[in-house]
Amino acid sequence: MLMQVQNNPELQYGLEQLLKMAKIRAIDMAFADFVYSEESALETTATSPRECLTMLAAYVSAQSGAQHSCIDLERLGQPFVGVYHFPEVKILLSYIENAGTFANVATTGISLDENTAKPLVLQGGKLYLQRYWQYESQLAAIISEKSTKALDLDVAAAQNLLSELFDNADTQILDWQKVAVCIAASQTLSFITGGPGTGKTTTVTKLLALLQGLAAKKGKTLNIQLVAPTGKAAARLTESISAAKLKLPTALQANLPEQCQTIHRLLGARPQSPYFRADANHPLHLDVLVLDEASMVDLPLMAKLFAALPKHAQVVLLGDQDQLASVETGSVLSDICAASHFQSGNPDNAYMAYSDTMQLHLTKLLSVSTVTSQDIVTTETTNQSVIRDNVVRLVKSHRFNEKSGIGQLAKQVKAGQINQSFSLLNAEQFTDINWYQPTQTSSQAVANEILKTLITKLLPIYQQYIQAIHQGDLRQAFKYLQQQQVLCAQKSGYWGVTQLNILIESELHKQGLIDNSKDFYTGRPVMLSKNDHQLKLFNGDIGIVMPDPNNVSLTKVWFVTPEGDLRGLLPSRLPSLETLYAMTIHKSQGSEFESVYLCMPPITPNNQGRGLNRELIYTGLTRAKKYFMLFAEPKALSLSLGQQCIRGSGLAERLMKQHI
């Protein structure tokens, strides 16, 4: 309930209208009411500074709810059109200058004192809620400091180890995985980006072998920690590192970590608290930190992780900048890459964009006799990013051929090329991509039509899956689950996960494959939606319901442990879970499937395509290894490809030298 704004009926009515229009949330109204009450010294009229700042506070708060770190006043426009009209920027700035709840911080400022600690912070033309300003400015300061710290590398020893880790048969061509290893080994901070299947995990495994090899020559063993944002991503990295380790020379496999944990577990999560046991005053005990799926990490969590790092720690971030941004506020990896020399042009031709010092260093380590025109583009660069020498982008995919339909479509989707994407999907020249467009018009008819086609595609694998379960072959059943996956753009609503799980489950029941008369029926695939550290189960872990072979009266949910063992638990012991015939695209990050069936919701006056963007399509598409089928109306696909997930942030600018 608004306590202060109710004394201003016109302003109260405006805020209530914005709430009805879903422009703001109840919490945004409450924050606006707080600002209004605190700015009582300002003039109060229909167009006064007090009303303006109240509406501005509501908008900043609402944008934070949409995962933006800040708003750019120069691009403010009129977000509350029809309800409130904001004045021009110079007038806004004059209002903020005299406000009690807004702090105007110098461009180089990274901290607030007791006089400037205000709920809202203006810096460099961007307006933040204070906590997001603190997270962003502190993270940028740590990145800037670590990015300039070069390590004293034993070049001769490194060259010998690199020759064991990489095939040096062709010294005329740059091996970008080797470039990534050299750059990461030479500095305390590095970012290895690239699309799915480009070898990021293979690269970092070789990097860790190199680092431990160099440490061993000094009689040391490095404390290396592997982390990921979710339990599922952690399990995936554990599996990938273990497999990549076996491909290394035996002598270089020693002391390489295999077990990955979540960021929350590494930092020491505190129950019912946003803070962790590890922080700037209680740093982590480690020498090297590898963070996988960095695109999934939000701004607050990344800031807390970097703040807890010891000064000497070597940090390597892995991720795909073109994937979906984090569920919560920020787009950290995307911002970092935007500040680097990989923000434009072909990253495969980026060698000359590194500084002269880095190029000279790489030339010594790489043992590349010459660099040909196909490897580099000799152009003048005005790039002054502090992370200029810290980012490497891998581009060659080993998951799918770039000339395959999936590879070609991924390239066009990533670039937002609507016509080219439509042409690829309609041409039918590729057997690995397919687009099913509904021919019916009514919602129910479309639902029936798509469901019939979808079930026809899914049924053969599900028949084999259920047969494996009835034969007691759980390992094979888990393999069948990895064969195909239905992905959805949203959890609820039309063609969301909830609806599709019910529909697919009902159809499988009609086919006689399952008996869904009880909740935990034999063959039900499930995914955990919460962590349980005591049970060593995590959000995203996948299980299968099946009777215990040793006591068929007991129904258990079975999981595959990181060590590859089968583990059965009673349903009553498990944290929150959901059926897994379909999952959201967000949940699928870090996974890969032989076949992917992506279902897009239709565009309606109510949803207007909210939440759809090219990153969503790209992430879903690139989960597929061999086959991708899209279920979408042309309008939904066109709108998605035409929209990009760009979040308000000042991080990229902070990482440019002129802003430090």
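Placed above this text is the structure.
A quick note: this is a predicted structure, and the numbers were derived from the prediction, not measured.

Caption draft 1: Quick peek at the overall build of the chain. The secondary structure content of the chain amounts to 22 helices and 20 strands. What you see for the chain is a C-alpha radius of gyration of 27 Å, in line with the 26 Å of a compact globule of 660 residues. Its C-alpha atoms give the chain principal-axis dimensions of roughly 75 × 65 × 50 Å. Burial status across the chain gives 57% buried among its 660 residues. Put simply, 72% of the contacts in the chain that link residues at least 6 apart link residues at least 24 apart. Here the chain has roughly 29200 Å² of accessible surface; of this, 49% comes from carbon and sulfur atoms. Both charge centroids of the chain, one from 57 positive and one from 58 negative side chains, sit 4 Å from each other.

Caption draft 2: Layout of unusual backbone geometry. Of note, the phi angle at Ala22 is positive, near 65°, even though the residue is not glycine. Considering the arrangement of structural elements, one finds Ala22 in the loop between helix H1 (9-20) and helix H2 (26-38). When its relative accessible area of 65% is taken as the criterion, Ala22 is described as exposed.

Caption draft 3: Seen up close, the sheet that holds strand S4 (residues 126-129). The sheet built from four strands is open, its strands ordered S1-S4-S3-S2 with mixed pairing. Each edge of the sheet is formed by a strand with only one pairing partner; in this case those strands are strand S1 (70-72) and strand S2 (102-104). When the angles between neighbouring strand axes are averaged without regard to direction, this sheet yields 20°. Bridging between strand S3 (residues 120-123) and S4 involves four bridges; their strand directions are antiparallel. Across the sheet, Gln123 pairs through a bridge with Lys126, a residue of S4.

Caption draft 4: Representation of the packing of aromatic side chains within the structure. What the rule picks out here adds up to 10 aromatic pairs. Arranged with centres 6.3 Å apart and planes meeting at 25°, the rings of Phe31 and Phe34 form a pair that is stacked. Of this pair, Phe31 and Phe34 both sit in helix H2, three residues apart, roughly one helical turn. You can call Phe34 partly exposed: its relative accessible area is 34%. Ring plane angle 75° and centroid distance 5.1 Å describe the contact between Tyr84 and Phe86, whose orientation is recorded as edge-to-face. The rings of Tyr59, Phe80, Tyr84 and Phe86 are connected pair by pair, giving a single aromatic cluster. The ring of Tyr36 has Arg50 lying over it, and the distance from NZ or CZ to the ring centre is 3.6 Å. Here the guanidinium or amino end of Lys206 rests over the ring plane of Phe166, the centre of that ring lying 4.3 Å away.

Caption draft 5: Geometry of the packing of helix H14 (residues 405-414) against helix H15 (residues 418-427). Packing of H14 against H15 brings their axes to within 8 Å, and their N-to-C directions diverge by 160°. Regarding the angle of H14 to H15, the classification is roughly antiparallel. Judged by the twist between their axes, the crossing of H14 over H15 is left-handed. Where H14 abuts H15, its residues Gln408, Leu409, Gln412 and Val413 lie against Gln420, Ser421, Leu424 and Leu425.

Caption draft 6: Expanded view of helix H21 (residues 634-642). Turning to H21, its buried residues are Ala636, Leu637, Ser640 and Leu641. Seen from one end, H21 has its buried residues packed into an arc of 125°, which puts them on one side. Residues of H21 that are buried sit in contact with H14, H15, strand S11 (433-436), helix H20 (614-621) and strand S20 (624-631).

Caption draft 7: Structural context of the side chain of Asp335. Structurally, Asp335 is set in helix H12 (residues 332-339). Arg647 provides the closest opposite charge to the buried, salt-bridge-free Asp335, at an N-O distance of 8.8 Å. Once residues within four sequence positions are removed from consideration, Asp335 is found in contact with Ser649, Leu651 and Ala652.

Caption draft 8: The arrangement of empty space enclosed by the protein in detail. According to the stated counting rule, one finds three cavities of 30 Å³ or more in the structure shown. Considering only enclosed or pocket space, the largest cavity measures out at about 60 Å³ in volume. Pro438, Ile450, Met600, Pro602 and Glu633 are, among the 11 residues lining the largest cavity, the residues nearest its centre. Grouping the amino acids of the lining of the largest cavity by side-chain chemistry returns 10 nonpolar, no polar and one charged. Roughly 40 Å³ of internal volume is contained in the second largest cavity. Element by element, the count of residues in the lining of the second largest cavity is highest for helix H16 (residues 443-470), at three residues. Grouping the constituent residues of the lining of the second largest cavity by class yields six nonpolar, two polar and no charged.

Caption draft 9: Quick peek at the sheet that holds strand S9 (residues 314-319). Taken together, the six strands give an open sheet; going across it, the order is S7-S6-S8-S9-S5-S10, and neighbouring strands pair in parallel fashion. Looking along the sheet, the strands with just one partner apiece sit at the ends: strand S7 (260-262) and strand S10 (391-394). Geometrically, the sheet is characterised by an average inter-axis angle of 25° between neighbouring strands, direction not taken into account. The pairing of strand S6 (residues 224-228) with S7 spans three bridges and is classified as parallel. Note on S7: the bridge partner recorded for Leu226 is Cys260. The strands touched by helix H8 (residues 200-216) are strand S5 (189-194), S6, strand S8 (288-291), S9 and S10; relative to S9, the strand with the most contacts, the crossing angle is about 165°.

Caption draft 10: Structural detail: the pattern of salt bridges. Taken as a whole, this structure holds 19 salt bridges when the rule is applied. Note that Lys491 and Glu578 form a salt bridge whose closest N and O atoms lie 3.4 Å from each other. Remark: Glu578 occurs in strand S17 (residues 577-579) and Lys491 occurs in the loop between strand S12 (484-488) and helix H18 (497-510); sequence separation between them is 87 residues. Assessed through its relative accessible area of 47%, Lys491 is described here as partly exposed. Between Lys556 and Asp548 there is a salt bridge whose closest N-O contact spans 3.0 Å. The two residues Lys556 and Asp548 agree in class, both being buried. Here the salt bridges share partners, and the residues they tie into one network are Arg236, Glu239, Glu592, Glu594, Lys625 and Lys626.

Caption draft 11: Representation of the nonpolar core. In terms of nonpolar packing, the biggest core is built from 79 residues, with Leu15, Leu56 and Phe306 touching the most fellow members. Looking at this core, the element that brings in the most residues is helix H3 (residues 49-65), giving nine residues. Ignoring sequence-local partners within four residues, the contact set of Phe306 consists of Leu139, Ile142, Ile143, Leu189, Val315 and Leu317. Within the second largest apolar cluster, 73 residues are counted, among which are Ala477, Ala582, Phe593 and Ile603.

Caption draft 12: Helix H17 (residues 474-481), seen in detail. Here H17 has its buried residues at Leu474, Ala477, Phe478, Tyr480 and Leu481. Summarising the axial view, the buried residues of H17 lie within an arc of 155°, below the 170-degree limit, and thus occupy one face.

Parameters and conventions
- Counting starts from 1 at the beginning of each chain's written sequence and moves along it residue by residue.
- Reporting in this predicted model follows two pLDDT cut-offs: at least 70 for local features of residues, and 80 or more for side-chain atom pairs to be given and counted; totals over whole chains, interfaces and linings ignore these cut-offs and use all residues.
- In computing side-chain values, all of the structure's heavy atoms are included and hydrogens and water are not.
- Secondary structure elements are defined from DSSP: runs of H or I of at least 4 residues count as helices, runs of E of at least 2 residues count as strands, and each element is numbered from the N terminus.
- Only the C-alpha atoms count toward the radius of gyration. The rule for a globule is 2.2 Å times the residue count to the power 0.38.
- Only protein chains enter the calculation, and the probe is 1.4 Å; a residue is then buried if its accessible area is under 20% of its type maximum, exposed if over 50%, and partly exposed in between.
- Any two residues whose heavy atoms approach within 4.5 Å at even a single point are treated as in contact.
- To measure how exposed things are, a 1.4 Å probe is used in the Shrake-Rupley method; for residues, cover is taken only from the protein chains shown.
- Positive charges are assigned to Lys and Arg, negative charges to Asp and Glu, while His and the chain termini are left out of the count.
- Every charge is mapped onto a representative atom, which is NZ of Lys, CZ of Arg, CG of Asp or CD of Glu.
- Strand pairing is assigned whenever DSSP detects at least two bridges linking the two strands.
- Note on geometry: axes are C-alpha line fits, over the in-contact stretch for helices, and angles between N-to-C directions span 0 to 180 degrees.
- Note on ring pairs: Phe, Tyr and Trp rings are taken, using the six-membered ring of Trp, and paired if centres are within 6.5 Å. Classes follow the plane angle, with under 30 degrees stacked, over 60 edge-to-face and the rest tilted.
- Any Lys NZ or Arg CZ that is within 6 Å of a ring centre and within 35 degrees of that ring's normal is treated as a charge sitting over the ring.
- We call two directions roughly parallel when the angle between them is under 35 degrees, roughly antiparallel when it is over 145, roughly perpendicular when it lies between 65 and 115, and oblique otherwise.
- For any pair of crossing helices, the crossing counts as left-handed if the nearer helix is rotated counterclockwise from the farther one by less than a right angle, and right-handed if it is rotated clockwise.
- An arc is given here, and it is the one of the directions from the helix axis to the C-beta atoms.
- Think of a salt bridge as a Lys or Arg side-chain nitrogen and an Asp or Glu carboxyl oxygen that are within 4 Å of each other.
- Space inside and on the surface of the protein is sampled on a 1 Å grid over the protein atoms alone, with a cavity defined as a set of points where a 1.4 Å probe fits but cannot get out and a pocket as an open set with protein on both sides within 12 Å along at least 5 of 7 lines; lining residues have an atom within 4 Å of a point.
- Grid points are joined across faces, edges and corners, and a volume is the space filled by probe spheres set on the points.
- Gly falls in the polar group here, along with every residue not listed as nonpolar (Ala, Val, Leu, Ile, Met, Phe, Trp, Tyr, Cys, Pro) or charged (Asp, Glu, Lys, Arg).
- To form a nonpolar core, buried Ala, Val, Leu, Ile, Met, Phe, Trp, Tyr and Cys residues must be joined to one another through side-chain atoms within 4.5 Å.

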